[in-house]
Amino acid sequence: MRVLTYLDGDGPRVGVRTDGGVAPTSYSDLRALIGEGDAARQRIREKADVAARQGTLVQPDRVLAPLRPGKLFGGGINFAGHLDENPGAKLPEEPFFFSKLPSSVIGPGDEIVLPYSGMDVDYEVELAVVIGRAAKAVSYDRALEHVYGYTVHNDVGSRRIQFKEAQITLGKNSDTFAPLGPEIVTADEIPDPRALHIESRVNGELRQSESCGAMRFDVPTVIEWISSIITLEPGDVITMGTPAGCGTFRDPPLYLEPGDTVTVSERSIGALTNSVVAGPSYGTDFSEIRTRARRPA
Ligand code: MG
């Protein structure tokens, strides 16, 4: 089943994508639906079948991010190719995560806003795992039972802030730096996420293309690891790290500029496209903030 959130009049509406269009549900928030568990999933599946038969499907003008996660874990180095291209990185012994802020999530067609020039903003295609059932200290063997489905993520970040200033939270969480979508494919249709294949393109040019089978830590390992420390809740999202091909490690580096279009995709889940625009402070250099530093009194 393919679940999405779209703009219905003035507000969001959760729908189920079928061959002929989208079957509306009674939900405006996908996290609420996920939180109601298997019964709600079954109910919207049956209602979508009825809507398809009765011809009451809709054709949304605008698809939104599928959900705003409760917690959004950004995956660090998890592909050998991305490690090899990054001379400053070392191999993490355990799965590596940092916080992406739910406030930076945007959906298909939304704009990635560059706050300042010179931030060296880069793209990263990643598989996003949507948690369906609360998970606390789950075993590897049962971890996938806690997955609602899968979607695609673009882990946008400022390399200048991330690397030079070592401020990964600020560098990765500028507003709009977490495109997510376009739809969630439920886990029953993806029994083995290692079979997925993710790609990114900038202005149509292929930049990243890799099998999720190349992940160093797979989805069950990551759920086992995180849930041993932090309780995962329905609607939380974990992203699985990016493969080789980021702009920053090219020679010369290729960063996102206003006017660019970035597409991240997985072959069976779909494509998520966002254009890049300059924000209101784009003409200024953010390093001016250093002049505000005060000497101790
Ligand atoms: Mg990443």
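By convention here, each chain's residues receive numbers from 1 onward along its written sequence. Since the coordinates come from a predicted model, pLDDT governs what is reported: local features require at least 70, and pairs of side-chain atoms require 80 or more to be given and counted, while whole-chain, interface and lining totals use all residues. Only hydrogens and water are set aside when side-chain values are computed; all heavy atoms of the structure are taken into account.

(A) Quick peek at unusual backbone geometry. Cis peptide bonds are those with omega within 30 degrees of zero, and the linkage from Gly181 to Pro182 qualifies with 5°. Looking at the element boundaries, Pro182 is found in strand β13 (residues 178–186). Numbering of helices and strands runs from the N terminus, with a helix taken as a DSSP run of H or I at least four residues long and a strand as a DSSP run of E at least two residues long.

(B) Examining the coordination of the magnesium ion more closely. Each protein donor to the magnesium ion is listed here as Glu124 (OE), Glu126 (OE) and Asp155 (OD); together their distances run 2.0 to 2.1 Å. Atoms are scored as donors when they are N, O or S and lie within 2.8 Å of the metal, with 3.2 Å used for Na, K and Ca; no water is included, so coordination may look incomplete. Along the chain, the residues donating to the magnesium ion fall in the pattern E-x1-E-x28-D. Placement of Glu126 in strand β10 (residues 125–131) and of Asp155 in the loop between β11 (147–154) and β12 (157–158) is noted, with a sequence separation of 29 residues between them. Buried, partly exposed and exposed residues are distinguished by accessible area as a fraction of the type maximum, computed with a 1.4 Å probe on protein chains only: under 20%, between the cut-offs, and over 50%, respectively. The exposure class of Glu126 is buried, given its relative accessible area of 0%.

(C) Spatial organisation of the pairing of strand β2 (residues 11–18). Strand pairing follows a simple DSSP-based rule, namely that at least 2 bridges must link the two strands. Examined bridge by bridge, strand β1 (residues 2–8) and β2 share seven bridges and lie antiparallel to one another. Within the sheet, the bridge partner assigned to Leu4 lies in β2 and is Gly15. Remark: two residues form the turn of the hairpin made by β1 and β2, two consecutive strands paired antiparallel; Gly9 in that turn has positive phi of roughly 65°. A loop of two residues connects β2 with strand β3 (residues 21–24), the two strands running antiparallel in sequence.

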